[in-house]
Each structure stands twice: as C-alpha cells, then as structure tokens.
Amino acid sequence: MKLNHKSTSTAVLLTFAFACAAGFGVPSQASVWQPAADPVRSAPLQRWSPTQRGEVSRDQAAAIVKRRFGGKILAVSEVQKNGRSMYRVKGLSEKSQVYVVYVDKQSGRIVR
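Please read these numbers as outputs of a predicted model, since none were measured by experiment.

Participant: Would you mind showing me how to read the sheet that holds strand E3 (residues 98–104) here?
Facilitator: Sheets are built from strands that pair by backbone hydrogen bonding, the pairs being arranged parallel or antiparallel. Read from one edge of the open sheet, four strands run E1-E2-E3-E4, paired in antiparallel fashion. Of all the strands in the sheet, just strand E1 (72–81) and strand E4 (110–111) have a single pairing partner and so form its edges. Note that E1 and strand E2 (residues 84–92) share nine bridges and pair antiparallel. Bridge assignment links Val 76 to a residue of E2, and that residue is Val 89.

Participant: Whenever I open this one, the pairing of E2 confuses me. Can you help?
Facilitator: Remember that side chains alternate between the two faces of the sheet whenever the strand is regular. Hairpin connection of E1 to E2: two residues between the antiparallel strands, including Asn 82 at a positive phi of 55°. One ladder, built from seven bridges, connects E2 with E3; its direction is antiparallel. The residue bridging Leu 92 from the neighbouring strand is Val 98, located in E3. Between E2 and E3, which follow one another and run antiparallel, lie five residues, and Ser 96 among them has a positive phi close to 65°.

Participant: Sorry if this is basic, but what is going on with the nonpolar core here?
Facilitator: It is characteristic of soluble globular proteins that their nonpolar side chains tend to be buried jointly. Counting 11 residues, the largest nonpolar core consists of Val 56, Ala 61, Ala 62, Ile 64, Val 65, Val 76, Tyr 87, Val 89, Tyr 99, Val 101 and Val 103. If you list the elements that add at least two residues to this core, you get helix H4 (58–69), E2 and E3. Top contributing element to this core by residue count: H4, with four residues.

Participant: Just to check I follow, could you spell out the environment of Gly 71 for this structure?
Facilitator: Among the secondary structure elements, Gly 71 is positioned in the loop between H4 and E1. Residues Gly 71 and Leu 92, 21 residues apart in the sequence, show an inter-C-alpha distance of 5.6 Å.

Participant: I tried to follow the packing of aromatic side chains on my own but got confused; where do I start?
Facilitator: The way to describe two aromatic rings as a pair is by their centre distance and the angle between their planes. Under the definition given, this model contains one aromatic pair. Between Phe 69 and Tyr 99, the aromatic rings sit 5.3 Å apart at their centres with planes inclined by 45°, giving tilted as the arrangement. Here Phe 69 is found in helix H4, whereas its partner Tyr 99 is found in strand E3, with 30 residues between them in sequence.

Participant: I tried to follow the pattern of salt bridges on my own but got confused; where do I start?
Facilitator: Close approach of charged atoms allows side chains of opposite charge to pair. Following the criterion strictly, the structure yields four salt bridges and no others. A salt bridge links Lys 105 to Glu 55, with the shortest nitrogen-to-oxygen separation between them at 3.8 Å. Of the two residues, Lys 105 sits in the loop between E3 and E4 while Glu 55 sits in the loop between helix H3 (50–53) and H4, which places them 50 residues apart along the sequence. Judged by relative accessible area, Glu 55 falls into the partly exposed class, the value being 43%. Among the ionic pairs, Arg 84 bridges to Asp 104, the shortest N-O distance being 2.6 Å.

Conventions we followed
Residues numbered from 1 in each chain as written. Predicted model: local features only at pLDDT ≥ 70, side-chain atom pairs only at ≥ 80, totals over all residues. Heavy atoms only, no water. Pairing = 2+ DSSP bridges. Helix = DSSP H or I, 4+ residues; strand = E, 2+ residues; numbered from the N terminus. Core = buried A, V, L, I, M, F, W, Y, C linked by side-chain atoms within 4.5 Å. Buried < 20%, exposed > 50% of the residue type's maximum accessible area, 1.4 Å probe, protein only. Phe/Tyr/Trp six-rings, centres within 6.5 Å; stacked < 30°, edge-to-face > 60°. Salt bridge = Lys/Arg side-chain N within 4 Å of Asp/Glu carboxyl O.

Structure, rendered in structure tokens:
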C-alpha cells in the first residue's frame, strides 16, 4: 500500500491527537507553570524599623512606594532634602500619571 503526502500528514495528526488524549505531552495540573508572585504585592504589610535593619535600601524604598501607590517605579536616586538623606522615587501610576515622592532613608517614611 502506497501512502501519499496527504494521508501521511493525516496519520501523523491522528497519532498526535491520540497521544494528547492519552495524556502524553500534556502536563498534569500540578506541574503547570505559574508566574511567581510579585514580592511587592504579596508581601505582608510590615512596619519598617530602623533599629532592626539600619537604613532603608534603594530596593526597599521602591517597594515602599510601589506598595503605597501601585503602578511602576521609573527611577530611584539619592538626594538631600531639608538636611536629610532621602530617596527620590519617580513612579508611573496605573492611570499613566508621573509622580515623585521622597522616602526618608532613616525612617522609611514617604514625604511628598
């Protein structure tokens, strides 16, 4: 029996369909990839205590602002404001508005 290209393609397609129906190549529900949880959104709200950790890091300042205002963090830079060391955090709100806030390096508090 001679098979032409069309019947060979059909046979391969049917073989694949039966393999999928039998469970070959289909991951079980437990092994389906899930995206990692956003550490900023999923972290429980905790008070930052300078006695526990020292100063607020650049990443912590970004996380504090993102948790409070949401959206995306565009830039973080170190500045001096009113004689205090602070982080200037520039963000983009979920409504596409740019905002700038300051985070005190010692206390972790947001200052506008």
